[in-house]
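Chain by chain, the residues:
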Amino acid sequence: MAPNNALANPTAARLRAAAEGRPAKSPRRRRASGGSQPDGVRVASSDGFGAGATSMIDRSEVAARGTGTAKRTPLDEFEAAARADGLVASELRSFWTCVMFLTRLPCPGWCDHHPGYLMRSMAHFPLIGALIGAWAAAFYDAAASLWPPLVAAAVSMAGTLWLTGCFHEDGLCDTLDGFGGGWTKSQILKIMRDSRNGSYATMGGCMWVVAKAALLAELGRGAAGAGGASVWAVGGSAGAGPCLVVAQCVARASAAPLIYCYAYVVDDEDAKGEYYNWFGESRRLLGLRRVLVALATAAAVAHALLPAAAANRALLVAAGGTAVAGEYGRSVLGGVMGDFLGATICVLELAIYLALGADTTRADPRPLLRLPPVGGLPPPL
C-alpha cells in the first residue's frame, strides 16, 4: 500500500530528487521510457496501491467466477423460481448458502454462492455466528483444562480462524488500509482491492488480535469453573465460552440492518464486480421480516446464555455500534460494502467483549471526563 503522501502530489520524490541534484521524473515519463533499466533499479509492475501485475490471482481468473452460480437469472425470475421451489426448500438453500459463505464446512453439492440466496441468508447470520461461537468455546474450554486462560484464548482463536478462513478479519484489514490510506472514495476502493496488507492493516490487525486474546483470557479468569473453564447455564452462564457464543452471534446480526438501511456500494473496477452488482441489486430480497429474524435470533441467544443485565449490555453496545458504523460508511463511501461489513463484525465482537468484561465498580469519572477533550484534538500532522 502506498504511503499517504502518494495519494496527493509526490512531494517526497521531488524533494529527494532535488537533494540529489537530478531532475524529478514524472510517472508518465517513467512509463514511456520503457526498455532496459540501470542495474539495481527496481521497476514497479503495479501502481502505488498494488493494483496490477503483482496480484497473486489474475484479474481474468477472478472475473471468470462470475456471479457465484452456474446461471445468472434476472431478479424477477429468481424470485419466481424461489416461490416455485416452496418456502422450505428455498429457506434450506438460503441456510446452506450462509454456511458456505461464513465457514469452510462441507455443504451439499446443490448449494453455491448465489447472490440472491446469499442476500436472503442474512437472516441466518446470527445463528451461524452462534454455531461458530460454540465451536470456538469448545476449543477454549478444552484448552483451559490444560493451560492458562491466555493460552486457551489463543487456541480458541486459532480454531475460529480454521473454521472461518479468516473471513471477517480479511475485511477488517482491507477496511483499515482503505480508510486509513485513502483520501477519496475512489482511492479507498482502490486500496481495498489490493490483496496485500499495508501498515494500517498490519498494526490494526495486530491490535485486534492482542485485544481479543487479552479480553477472552480475562473473561475466562472470571469464570467459576475449574481451571477457568466456562460455566454453562440457561440465563446464567459465565466465562469466555458463553461470551464467545454471544459475541459471534450478536456481531453478525449487524449485517442485515446495515444492508437493509444503507445503499450497497459496488466497485465497478473490482474483478468481482459482476457478483457484487447482482448482490447490490438484490437488496429487496432481504426484506424487513428477515432483518427482524436476525435481530430476534441475536437477542434470544444472548438472553438464553447470559444474565439479563449482561445480555442487555451486549445488545445495546452492538446496536449503538451498528448505527455508528452505518452512518460512518454512508459519510465516507455513500453506503456499505462487503469488506466494511466484515470489519464492522470484527469491531463489534471486540466491543461486546469489552462490555461484558467491564468492571463498572472500579470506574473513576475523573479520567473518563478527561478523555473527550483529548479525543477531540486534531490528529498530528
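Residues numbered from 1 in each chain as written. Predicted model: local features only at pLDDT ≥ 70, side-chain atom pairs only at ≥ 80, totals over all residues. Heavy atoms only, no water.

Draft legend 1. Highlighting the overall build of the chain. Looking only at helices and strands, the chain has 18 helices and zero strands in total. The buried share of the chain, taken over its 381 residues, is 42%. For the chain, long-range pairs separated by at least 24 residues make up 76% of all intrachain contacts whose partners lie at least 6 apart in sequence. Total accessible area on the chain stands at roughly 20,000 Å², and carbon and sulfur atoms take up 63% of it. (Helix = DSSP H or I, 4+ residues; strand = E, 2+ residues; numbered from the N terminus. Buried < 20%, exposed > 50% of the residue type's maximum accessible area, 1.4 Å probe, protein only. Contact = heavy atoms within 4.5 Å. Areas by Shrake-Rupley, 256 points an atom, 1.4 Å probe, with all protein chains shown as cover.)

Draft legend 2. Representation of the nonpolar core in the model. Counting residues in each nonpolar core, the largest one holds 39 residues, and the members touching the most others are Tyr353 and Leu356. When contributions to this core are tallied by element, the ones reaching two or more residues are helix H7 (125-144), helix H8 (149-164), helix H11 (199-221), helix H12 (240-252), helix H15 (287-305), helix H16 (308-333) and helix H17 (338-357). Top contributing element to this core by residue count: H12, with eight residues. Excluding residues within four positions of it along the chain, leucine 356 makes contact with Leu219, Cys243, Leu306, Ala310, Arg313 and Ala314. Grouped together as the second largest cluster of nonpolar side chains are 37 residues, Met119, Phe179, Met192 and Trp278 included. (Core = buried A, V, L, I, M, F, W, Y, C linked by side-chain atoms within 4.5 Å.)

Draft legend 3. Local environment of the environment of isoleucine 191. By the element assignment, isoleucine 191 lies in helix H10 (residues 185-193). With a relative accessible area of 3%, isoleucine 191 lands in the buried category. Isoleucine 191 sits 13 residues away from glycine 178 along the chain, and the two C-alpha atoms are 5.1 Å apart.

Draft legend 4. Examining a nonpolar patch on the surface more closely. Taken together, the side chains of Tyr260, Leu288, Leu292 and Leu295 make up a nonpolar region of the molecular surface, amounting to roughly 370 Å² of accessible area. Take the nonpolar patch: its biggest share by element is three residues, from H15. Within the fold, leucine 295 resides in helix H15. (Patch = residues over 30% accessible without salt bridge, like charges linked within 9 Å, V, L, I, M, F, W, Y side chains within 5 Å. Salt bridge = Lys/Arg side-chain N within 4 Å of Asp/Glu carboxyl O.)

Draft legend 5. Region of interest: the packing of aromatic side chains. If you walk through the whole model with that rule in mind, you get eight aromatic pairs. Measuring from ring centre to ring centre gives 5.7 Å for phenylalanine 95 and tryptophan 96, while their planes differ by 80 degrees; the resulting arrangement is edge-to-face. Residue classification places phenylalanine 95 among the partly exposed residues on the basis of a relative accessible area of 23%. The partly exposed category is assigned to tryptophan 96, whose relative accessible area is 25%. For the pair phenylalanine 139 and tryptophan 162, a centre-to-centre distance of 6.4 Å together with 80 degrees between the ring planes defines the contact as edge-to-face. (Phe/Tyr/Trp six-rings, centres within 6.5 Å; stacked < 30°, edge-to-face > 60°.)

Draft legend 6. Molecular detail of the environment of aspartate 339. Mapping aspartate 339 onto the fold places it in helix H17. Judged by its relative accessible area of 22%, aspartate 339 is partly exposed. Remark: the alpha-carbon pair of aspartate 339 and glycine 171, spanning 168 residues in sequence, is separated by 3.9 Å.

Draft legend 7. Up close: the packing of H7 against H8. One can describe the packing of H7 onto H8 by two numbers: an axis separation of 8 Å at closest approach and a directional angle of 145 degrees. Along this stretch, H7 crosses H8, giving a crossing that reads as right-handed. Note on element contacts: H8 touches H7 through Pro149, Ala152, Ala153, Val155, Ser156, Gly159, Thr160, Trp162, Leu163 and Thr164, opposite Ile132, Trp135, Ala136, Phe139, Tyr140, Ala143 and Ala144. Taken together, the residues that form the contact of H7 with H8 break down as 13 nonpolar, four polar and no charged. (Axes fitted to C-alpha atoms, helices over the stretch in contact; angles between N-to-C directions. Left-handed = near helix turned anticlockwise from the far one by under 90°. Nonpolar A, V, L, I, M, F, W, Y, C, P; charged D, E, K, R; others polar.)

Draft legend 8. Local environment of the pattern of salt bridges. All told, the structure shown has seven salt bridges when counted by the stated rule. When the shortest N-O distance is used, the salt bridge between arginine 196 and aspartate 194 registers 3.3 Å. For the salt bridge of arginine 330 with glutamate 327, the shortest nitrogen-to-oxygen distance reads 2.8 Å. Linking arginine 330 with glutamate 327, this pair stays in helix H16, spanning three residues, or about one helical turn. Taking the relative accessible area as the measure of exposure, arginine 330 reaches 42% and is therefore partly exposed. Residue glutamate 327 is classed as partly exposed on the basis of its relative accessible area, which comes to 37%.

Draft legend 9. Geometry of the side chain of serine 230. Tracing the backbone shows serine 230 in the loop between H11 and H12. For serine 230, the side chain forms a polar contact with the main-chain nitrogen of glycine 241, separated by 2.8 Å. If near-sequence neighbours (up to four positions away) are discounted, serine 230 is found in contact with Tyr140, Asp141, Ala238, Gly239, Ala240, Gly241 and Pro242. (Polar contact = N/O pair within 3.5 Å; in protein donor to acceptor, adjacent residues only side chain to side chain.)

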